[in-house]
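# Structural description and commentary
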Amino acid sequence: MTKIIVFTDIHFSVEHLEREINPVERFEAGATHALKYNPDVDHIIITGDLTHYGDVPSYELLRESLSKFDCTFELMLGNHDNRENFLSVFPETVVDENGHVQRVIDTNTHRLILLDTLDGPPYDYPLSHRGMLCDKRLSWLDTQLASAEAKRCIIFMHHHPHDAGFRAMDTIKLVNGNEFYDVIERHNTVQHISFGHIHRTVSGQHRGVPFSGFKSTVGQMPMIFNTMDFHAETNEPAAYGIIDIGEHGITVHTEDFELTDLDQFL
Ligand SMILES: [Fe+2]
Ligand SMILES: [Fe+2]
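Here is what the cut-offs are and how they apply
- Residues numbered from 1 in each chain as written.
- Chains lettered and ligands numbered in written order.
- Predicted model: local features only at pLDDT ≥ 70, side-chain atom pairs only at ≥ 80, totals over all residues.
- Heavy atoms only, no water.
- Helix = DSSP H or I, 4+ residues; strand = E, 2+ residues; numbered from the N terminus.
- Rg over C-alpha atoms; globule rule 2.2 N^0.38 Å.
- Buried < 20%, exposed > 50% of the residue type's maximum accessible area, 1.4 Å probe, protein only.
- Contact = heavy atoms within 4.5 Å.
- Areas by Shrake-Rupley, 256 points an atom, 1.4 Å probe, with all protein chains shown as cover.
- Lys, Arg positive; Asp, Glu negative; His and termini not counted.
- Charge placed at Lys NZ, Arg CZ, Asp CG, Glu CD.
- Donors = N, O, S within 2.8 Å, 3.2 Å for Na, K, Ca; no water.
- Tetrahedral: all angles 85-135°; square planar, octahedral: opposite > 155°, others 65-115°.
- Polar contact = N/O pair within 3.5 Å; in protein donor to acceptor, adjacent residues only side chain to side chain.
- Core = buried A, V, L, I, M, F, W, Y, C linked by side-chain atoms within 4.5 Å.

What follows concerns the overall build of the chain. From N to C terminus, the chain includes six helices and eleven strands. The C-alpha radius of gyration of the chain comes to 17 Å, within 12% of the 18 Å expected for a compact globule of 266 residues. Residue burial in the chain is summarised as follows: out of 266 residues, 56% are buried. When contacts within the chain are restricted to residue pairs at least 6 apart in sequence, those whose partners lie at least 24 apart make up 68%. Surface accessibility of the chain: about 11500 Å² in total, with carbon and sulfur atoms responsible for 48%. Here the chain contributes 20 positively and 41 negatively charged side chains, and the mean placements of these two sets differ by 4 Å.

In structure tokens, the structure reads:
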């Protein structure tokens, strides 16, 4: 069994520390909770939108926050991130041969593939809020799937690679999702896709591949499918995801960690 904790869309910002939702406090509460109740966790992945504005001081704030925890966080990029600023603060991060922040983690049974779907530079907003896997990144993905040999694969990415039902968010999904699915279909080894970006719990399957998305640790997408405001957010309890990889399958949980005091059950 491999247990993976997934945080997404933590949106650190030095400018948001006085807001109703303090992104640092929310994330640290979640990370503390996740580690306390899941001491058997194998990997902790944060699937992008590490910061809100992609600025160096906010990445430094993140680095300081992560240093409070005695574990490794696998950091990924989202549309609110800036690859160059991120790497200037986290220079030890593994990148691929083209400088994209994507890599694999091999377990005994599975290959975890962490993709970089950030559409930049140039960071040309609002266009850059959409996701993109350029030919180099698709080729890299193809290579990682081909070399996985007997291992089954799980893909982690920031953007959802297909429509998810929220009109606004679907305008900034991965724009070349069909090409992405063409690549993974060639190999038939991908068992699950995990993404963030939507700020809402969602699950299903697309082109036969199961997927799940998790809530943010800051604001959540209102359950109004037709709004065209992709910045719309509501202050609901935050969550993180738990993905259990077993011998015969994968189980996905979400934990709204602010709702219940679990100590009463210990
Ligand atoms: Fe986000
Ligand atoms: Fe995003």
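So that's the structure; there's more coming.
Within the protein, Asp9 (OD), His11 (NE2), Asp49 (OD) and His199 (NE2) serve as the donor atoms for the iron ion (ligand 1), at 2.0 to 2.2 Å. Seen from the iron ion (ligand 1), its four donor atoms lie at angles of 85 to 173°, and the figure they make is irregular. Here the donor residues of the iron ion (ligand 1) are spaced in sequence according to D-x1-H-x37-D-x149-H. The distance between the iron ion (ligand 1) and the iron ion (ligand 2) comes to 3.4 Å, and Asp49 binds to both of them. With a gap of 150 residues between them, Asp49 in the loop between strand E2 (43-47) and helix H2 (56-66) and His199 in the loop between strand E7 (190-195) and strand E8 (202-206) connect regions that are remote in the sequence. Its relative accessible area of 12% is what places His199 among the buried residues.

As a further point, take the side chain of His110. With respect to the helices, strands and loops of the structure, His110 is situated in strand E5 (residues 110-114). You can call His110 buried: its relative accessible area is 0%. Here the side chain of His110 touches Thr109 through a polar contact of 2.7 Å, side chain to side chain.

Counting 29 residues, the largest nonpolar core has Phe7, Phe27, Ile46, Leu50 and Phe73 as its most contacted members. Broken down by secondary-structure element, the contributors of at least two residues to this core are strand E1 (2-7), helix H1 (23-37), E2, H2, strand E3 (73-76), helix H3 (83-89) and strand E10 (240-245). Discounting chain neighbours no more than four positions away, the residues touching Leu50 are Ile10, His11, Phe12, Tyr59, Leu62, Leu75, Met76, Leu77, Asp81 and Phe86. Ranked by size, the runner-up nonpolar core spans 28 residues in total, among them Ile155, Leu174, Val183 and Met221.

Put simply, the ideal angle at a metal is 109.5 degrees for four donors in tetrahedral geometry and 90 or 180 degrees for six donors in octahedral geometry. The protein atoms donating to the iron ion (ligand 2) are Asp49 (OD), Asn79 (OD1), His158 (NE2) and His197 (ND1), with metal-donor distances spanning 2.1 to 2.3 Å. Coordination geometry of the iron ion (ligand 2): the four donor atoms subtend angles of 88 to 167° at the metal centre, consistent with an arrangement described as irregular. All donors of the iron ion (ligand 2) belong to a single chain; written as a sequence motif, their spacing is D-x29-N-x78-H-x38-H. Overall, the relative accessible area of 1% leaves Asp49 in the buried class. Residue classification places Asn79 among the buried residues on the basis of a relative accessible area of 2%.

Keep in mind these values describe shape, not function.
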